[in-house]
Amino acid sequence: MNDIAKNLNLGIELQYLGHSTFRVKTAEGKILLIDPWVMANPACPDELKEVGQVDIMAVTHAHFDHIGDCVKIGKDTGSKVVGIFEICVWLNSKGVSATLPMNKGGTQEVDGIKFTMVHADHSCGIQEEDGSIVYGGEAVGYIIEFENGFKLYHAGDTAVFSDMKLIAEIYKPELAMIPIGDLYTMSPVEAAHACRFLSPKYVIPMH
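Because the structure is predicted, anything quoted here is derived from the model rather than measured.

1. Observations concerning the nonpolar core
One finds L32, F115, Y142, I144, F146 and L152 to be the most contacted residues of the largest nonpolar core, which totals 47 residues. Counting 14 residues, the second-largest nonpolar core is a separate cluster that includes A155, F161, M164 and A191.

Following this line, the structure appears as structure tokens:
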């Protein structure tokens, strides 16, 4: 996928680590990890399970297959973590200190990268080690604008919703990462509607 990103002249390098996890290297050399489930992710190639440098993580929601390695990576690397308020509070309780909480509709700039938190239609319970589930705020997606102005939309886990048209109208993402796993996310039919609502130049299926 790095070669694809270079050939499309996106100004960033993308690595798909499986499921909904992406590693992004910006034009300025910053390393972003979206939905950090790496070491225990069976779809992640073995040679990519050692993440190395991570400057920023962005978490769409707190299910294990999206946040599973966030605590370890956060502690090991000191990475900043962008997430909804409730997830950031939970991460703080686990010893991750460099959290940057926000909520839907807000935008914050982190090391030259702009994160806008948008709606996702999904659940967001956090499963503790004893099996109990605690409230994790709401599931979200992100519009991420890089230093060179390129914008991507990571939809997280979501059903299709008509306000994707607003996301397209307001933010105009060039690349959309859309879940198509069915059962827990969109079916192929719903994903096709999402692509029509968003009208991006490029689409990457995930989940």
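There is more to say after this.
2. Quick word on the environment of D163
Within the element layout of this structure, D163 appears in the loop between β12 (151-154) and α5 (164-171). Along the chain, D163 and Q127 lie 36 residues apart, while their C-alpha atoms are 29 Å from each other.

3. As for the sheet that holds strand β13 (residues 175-179)
Paired through their backbone hydrogen bonds, the strands of a sheet run either parallel or antiparallel. Strand order in this open sheet of six strands is β7-β8-β11-β12-β13-β14, and the pairing throughout is mixed. A strand with exactly one partner marks an edge of an open sheet, and here the two such strands are β7 (107-110) and β14 (202-206). For this sheet, the mean inter-axis angle between neighbouring strands, taken without regard to orientation, is 20°. Alignment of strand β11 (residues 140-145) against β12, held across four bridges, turns out to be antiparallel. Residue I143 lies in a different strand from β12, and its bridge partner there is Y153.

4. Things to note about the sheet that holds strand β6 (residues 99-102)
Across the sheet, which stays open at both edges, the six strands sit in the order β1-β2-β3-β4-β5-β6 with mixed pairing between neighbours. Bordering the open sheet on either side are β1 (13-16) and β6, each of which pairs with just one other strand. The average undirected angle you get between the axes of adjacent strands in this sheet is 20°. Relative to strand β3 (residues 31-34), strand β2 (residues 22-25) runs antiparallel, the two sharing four bridges. When the bridges of β3 are listed, K25 appears paired with I31. Contacts from helix α4 (residues 85-93) reach β5 (80-84) and β6 within the one sheet, and its direction differs from that of β5 by about 135°.

5. Some words on the pattern of salt bridges
Going through the model one piece at a time under the given rule, you end up with five salt bridges. A salt bridge links E174 to K201, with the nearest nitrogen and oxygen atoms 3.8 Å apart. With E174 in the loop between α5 and β13 and K201 in the loop between α6 (188-198) and β14, the pair connects residues that are 27 residues apart, well separated along the chain. K201 sits in the exposed class, given a relative accessible area of 62%.

6. Brief notes about the pairing of β7
Residues of β7 alternate between two faces, with Q108 and V110 buried on one and T107 and E109 left unburied on the opposite face. Here β7 folds back onto strand β8 (residues 113-119), and the loop between the two strands holds two residues, one of which, D111, carries a positive phi near 50°.

Rules of the game
- Counting restarts for each chain: residues are numbered from 1 in the order of the written sequence.
- For this predicted model, a pLDDT threshold of at least 70 governs which residues receive local features, and a threshold of 80 or more governs which side-chain atom pairs are given and counted, while totals over whole chains, interfaces and linings are taken from all residues.
- Hydrogen atoms and water are omitted, and side-chain values are computed over all heavy atoms in the structure.
- What is meant by a nonpolar core is a set of buried Ala, Val, Leu, Ile, Met, Phe, Trp, Tyr and Cys residues, joined one to another through side-chain atoms within 4.5 Å.
- Each residue gets one of three labels from its accessible area relative to the maximum for its type: buried under 20%, exposed over 50%, partly exposed in between, using a 1.4 Å probe on protein chains only.
- Numbered from the N terminus, helices here are DSSP runs of H or I no shorter than four residues, and strands are runs of E no shorter than two.
- When DSSP finds at least two bridges between two strands, those strands are taken to pair.
- All axes are obtained by fitting lines to C-alpha atoms, using only the stretch in contact for helices, and the reported angles, taken between N-to-C directions, cover 0 to 180 degrees.
- Pairs of residues are marked as contacts when any of their non-hydrogen atoms sit within 4.5 Å.
- A carboxyl oxygen of Asp or Glu within 4 Å of a side-chain nitrogen of Lys or Arg is what we treat as a salt bridge.

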